[in-house]
There are 2 protein chains.
Amino acid sequence: MDERYWENRRTIRRYEPQEVPQQLLEDLILKASHAPTTGNMQLYSVIISKDAEARRVLAPFHFNQPQVENAPVVLTFCADFNRMSKWCEARNAEPCYDNMQSFVAAMIDTIAFAQQFNTLAELAGLGCCWLGTTTYNARQIAEALKLPKLVVPVITLTVGWPADGGVEVGRLPLEAIVHNGEYSDYTPERIDRLYAEKESREDSKRFVEENGKQTLAQVFTDVRYPRANNEHFSQVFAGFLADAGFMKGQS
Amino acid sequence: MDERYWENRRTIRRYEPQEVPQQLLEDLILKASHAPTTGNMQLYSVIISKDAEARRVLAPFHFNQPQVENAPVVLTFCADFNRMSKWCEARNAEPCYDNMQSFVAAMIDTIAFAQQFNTLAELAGLGCCWLGTTTYNARQIAEALKLPKLVVPVITLTVGWPADGGVEVGRLPLEAIVHNGEYSDYTPERIDRLYAEKESREDSKRFVEENGKQTLAQVFTDVRYPRANNEHFSQVFAGFLADAGFMKGQS
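Let us look at the structure shown here. All values reported here derive from a predicted model rather than from experimental measurement.

When helices and strands are tallied, chain A shows twelve helices and five strands. Taken against the 2.2 N^0.38 rule, which gives 18 Å for 251 residues, the C-alpha radius of gyration of chain A at 20 Å falls within 12% of a compact globule. C-alpha extents for chain A along the principal axes are approximately 60 × 50 × 35 Å. When each of the 251 residues of chain A is scored for burial, the buried share is 59%. Taking as baseline every contact in chain A between residues at least 6 positions apart, the subset at least 24 positions apart corresponds to 77%. If you sum the accessible surface of chain A, you get close to 9700 Å²; carbon and sulfur atoms cover 50% of it. Side-chain charges of chain A comprise 26 positive and 33 negative groups, with the mean position of each set lying 3 Å from the other.

This part takes up the packing of aromatic side chains. All names here are of chain A. This model, assessed by the stated rule, comprises 28 aromatic pairs over all chains. Judged by centre distance (5.9 Å) and plane angle (85°), the rings of Phe63 and Tyr136 are edge-to-face. In this pair, Phe63 is assigned in the loop between helix 3 (52-58) and helix 4 (67-70) and Tyr136 in the loop between strand 3 (127-131) and helix 7 (138-144), connecting sequence segments 73 residues apart. We classify Phe63 as partly exposed; its relative accessible area is 41%.

With that out of the way, let us pick up the sheet that holds strand 3 (residues 127-131) of chain B. Strand order in the open sheet formed by five strands is 5(A)-1(B)-2(B)-4(B)-3(B), and the pairing between neighbours is mixed. The sheet terminates laterally at strand 5 (178-180) of chain A together with strand 3 of chain B, the two strands that pair on one side only. Sheet twist, expressed as the average angle between the axes of neighbouring strands with direction ignored, equals 25°. Of the pairings in the sheet, the one linking strand 1 (residues 44-49) of chain B to strand 2 (residues 73-80) of chain B comprises six bridges and is antiparallel in character. Paired with Ile48 of chain B across the strands is Leu75 of chain B, a residue of strand 2 of chain B. Helix-sheet contacts for helix 2 (residues 22-32) of chain B involve strand 5 of chain A together with strand 1 and strand 2 of chain B, and the interaxial angle to strand 1 of chain B is about 165°.

Further remarks concern the interface of chain B and chain A. The partner chain A presents 114 residues to the 112 residues of chain B that form the contact. Both sides together, the interface formed by chain B and chain A hides about 10800 Å², and carbon and sulfur atoms give 57% of it. Between the two partners, chain B and chain A, sit 16 salt bridges. Lys31 of chain B is the salt-bridge partner of Glu3 of chain A, the closest N and O atoms lying 3.4 Å from each other. On the surface where chain B and chain A come into contact, there are 80 residue pairs in polar contact (both at pLDDT 80 or more). Of the residues belonging to the side of chain B that touches chain A, the class tally is 56 nonpolar, 34 polar and 22 charged. Here strand 5 of chain A pairs with strand 1 of chain B via three bridges, running parallel.

Turning next to the relation of the copies chain B and chain A. Of the transformation superimposing chain B on chain A, the axial component is 0.0 Å and the angular component is 180°, with the fit at an RMSD of 0.0 Å. Viewed as a symmetry operation, the transformation between the two copies matches a two-fold axis. Interface overlap between copies: 100% of the residues of chain B at the interface are likewise at the interface in chain A, consistent with a symmetric, same-surface contact.

Between its first and last C-alpha, helix 9 (residues 188-200) of chain B extends 17 Å over 13 residues, near the 18 Å set by a 1.5 Å rise per residue. For helix 9 of chain B, the set of buried residues is Arg190, Ile191, Leu194, Tyr195 and Lys198 of chain B. At its buried positions, helix 9 of chain B is contacted by helix 5 (82-89) of chain A together with helix 8 (174-177), helix 10 (202-210) and helix 11 (216-224) of chain B.

If charged atoms from side chains of opposite charge come close, those side chains can pair. On inspection of all chains with the given rule, the structure shows 41 salt bridges over all chains. For Lys31 of chain A, the salt bridge is made with Asp27 of chain A, and the minimal N-O distance between the two is 3.5 Å. With Lys31 of chain A and Asp27 of chain A both in helix 2 (residues 22-32) and four residues apart, this pair spans about one turn of that helix. Note on Lys31 of chain A: relative accessible area 11%, which makes it buried. By relative accessible area, Asp27 of chain A is classed as partly exposed at 30%. Note that Lys86 of chain B and Asp185 of chain A form a salt bridge whose closest N and O atoms lie 2.9 Å from each other. Here Lys86 of chain B, found in helix 5 (residues 82-89), pairs with Asp185 of chain A, found in the loop between strand 5 and helix 9 (188-200), and the two come from separate chains. Taking the relative accessible area as the measure of exposure, Asp185 of chain A reaches 34% and is therefore partly exposed. Several salt bridges converge on common partners, so that one network encompasses Glu94, Asp98 and Lys248 of chain A together with Arg227 and Glu231 of chain B.

Here we come to the nonpolar core. Counting 178 residues, the largest nonpolar core has Phe117 of chain A together with Phe117 of chain B as its most contacted members. Contacts of Phe117 of chain A, omitting those with residues within four sequence positions, involve Leu25, Leu28, Ile29, Ala32, Leu75, Phe77, Leu157 and Val159 of chain A.

Reading across the sheet, the five strands line up as 3(A)-4(A)-2(A)-1(A)-5(B) and stay open at both edges, with mixed pairing between neighbours. Strands with a single pairing partner mark the edges of an open sheet, and in this sheet they are strand 3 of chain A together with strand 5 (178-180) of chain B. Each strand axis lies, on average, 25° off the axis of its neighbour in the sheet, ignoring direction.

Each packed pair of helices is defined by two parameters, the angle between the axes and the distance between the axes. Where helix 5 of chain A meets helix 11 of chain B, the axes come as close as 9 Å, and the angle between the chain directions of the two elements is 110°. Here helix 5 of chain A lies roughly perpendicular to helix 11 of chain B, going by the angle between them. The way helix 5 of chain A lies across helix 11 of chain B gives a crossing that is left-handed. Contacts between helix 5 of chain A and helix 11 of chain B pair Met84, Trp87 and Cys88 of chain A from the former with Leu216, Ala217, Phe220 and Thr221 of chain B from the latter. Classifying every residue of the contact of helix 5 of chain A with helix 11 of chain B gives six nonpolar, one polar and no charged.

Cut-offs applied
Residues numbered from 1 in each chain as written. Chains lettered and ligands numbered in written order. Predicted model: local features only at pLDDT ≥ 70, side-chain atom pairs only at ≥ 80, totals over all residues. Heavy atoms only, no water. Helix = DSSP H or I, 4+ residues; strand = E, 2+ residues; numbered from the N terminus. Rg over C-alpha atoms; globule rule 2.2 N^0.38 Å. Buried < 20%, exposed > 50% of the residue type's maximum accessible area, 1.4 Å probe, protein only. Contact = heavy atoms within 4.5 Å. Areas by Shrake-Rupley, 256 points an atom, 1.4 Å probe, with all protein chains shown as cover. Lys, Arg positive; Asp, Glu negative; His and termini not counted. Charge placed at Lys NZ, Arg CZ, Asp CG, Glu CD. Phe/Tyr/Trp six-rings, centres within 6.5 Å; stacked < 30°, edge-to-face > 60°. Pairing = 2+ DSSP bridges. Axes fitted to C-alpha atoms, helices over the stretch in contact; angles between N-to-C directions. Buried area = accessible area lost by both parts, 1.4 Å probe. Salt bridge = Lys/Arg side-chain N within 4 Å of Asp/Glu carboxyl O. Polar contact = N/O pair within 3.5 Å; in protein donor to acceptor, adjacent residues only side chain to side chain. Nonpolar A, V, L, I, M, F, W, Y, C, P; charged D, E, K, R; others polar. Least-squares fit on C-alpha atoms with pLDDT ≥ 70 in both. Expected span 1.5 Å × (residues − 1). Core = buried A, V, L, I, M, F, W, Y, C linked by side-chain atoms within 4.5 Å. Parallel < 35°, antiparallel > 145°, perpendicular 65-115°, else oblique. Left-handed = near helix turned anticlockwise from the far one by under 90°.

So this is what it looks like as structure tokens:
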């Protein structure tokens, strides 16, 4: 393995037209299922969408990001307490997972599994793009994939053979994310230092200019993740979680 | 790299007394920070607890699982919108992350980062145990680690040099977790087939017997994750999320 893989990994949004063999996909999924899981319950399912029409249906729910239609494989990773509950019902046990803490446990399992798949796929030479917008239109995705209650899509990966090397985006320095012993809050001076490299990048400057903003942070608050969207999709997601059966006792 | 690592990986709960060098820990954390992240916001922090007294304080919040006191390193991975908000405030941008969708985005980032760390640590020869109980006592953990608002602990890893090889626990067959095209719900016959190997294991039979239950599923519903606990900790977590500033507009 190339030791530099870890720090050089890139999101891949453009793919070659070749298919990903089902056997390879299943081999990677099975290996990924050995990621840590709460109580060994494996509280997830993954839906494989390869058919072009199926991907065309999903595309608008991911705000028409082109990789959903262009990737040969779309994987929707779902927090799943349905299978566990069906098992309980078949074994004279009363399932009790219709609550928020259970959803959180399932979500943790699902993301760890998806991330392990992502790593395994990249090490096999595939490219992936992680679609964090999955929870925005979870209800529509659930309908398209015929998800039953207690199954909630939480992350989507597009997967295929890379058509380019992706884009280097950089990360914050270690000091930004590590705290020794206890949380050390950020002063304005420390913020300046931690974000200096990010703000000085050419792509960051271009973002600011293209969006007619004064600062890179304004691109995030005013354009990419504005308050009205965040609040709207929070309401929508909470409503869907309730309908999916995960909010019992939450007023 | 040993190709068999992925399917043979084990949770490690017993550790040798040797320390984990800070340089190694930081190298692994920096590499893990290249895991996928929504909008490259890196919505997480990790708190390193090495001091024995600090780990002793954390232990009861993890229900006194002995590895918290016995591991040389405890890492608390936190969903963190505080740093991003401080950056916005310092850059004439109004932060707008006091809502559920933002918490979900931060949680996804955090788990992917933690899972990538877990893999890197294991590949470096370390052993880890993933403590899924972190969200149960998130408030107490947050107080102990002096977490400000918009910072929520979501997963904890104990880390150290393995004192044993861990325990093989097995996973469900591929068919249990994969759906092609759309979700294929589970019939009782399919449940029988998918859980047959798990239920026939010696450790499963011992669990059932030791807990005086009729089925393995009952050990989960009646002993390990009973309804009263799930509902209690759901209320507690929702209350903490509200106090942490992530539930604006959620009634």
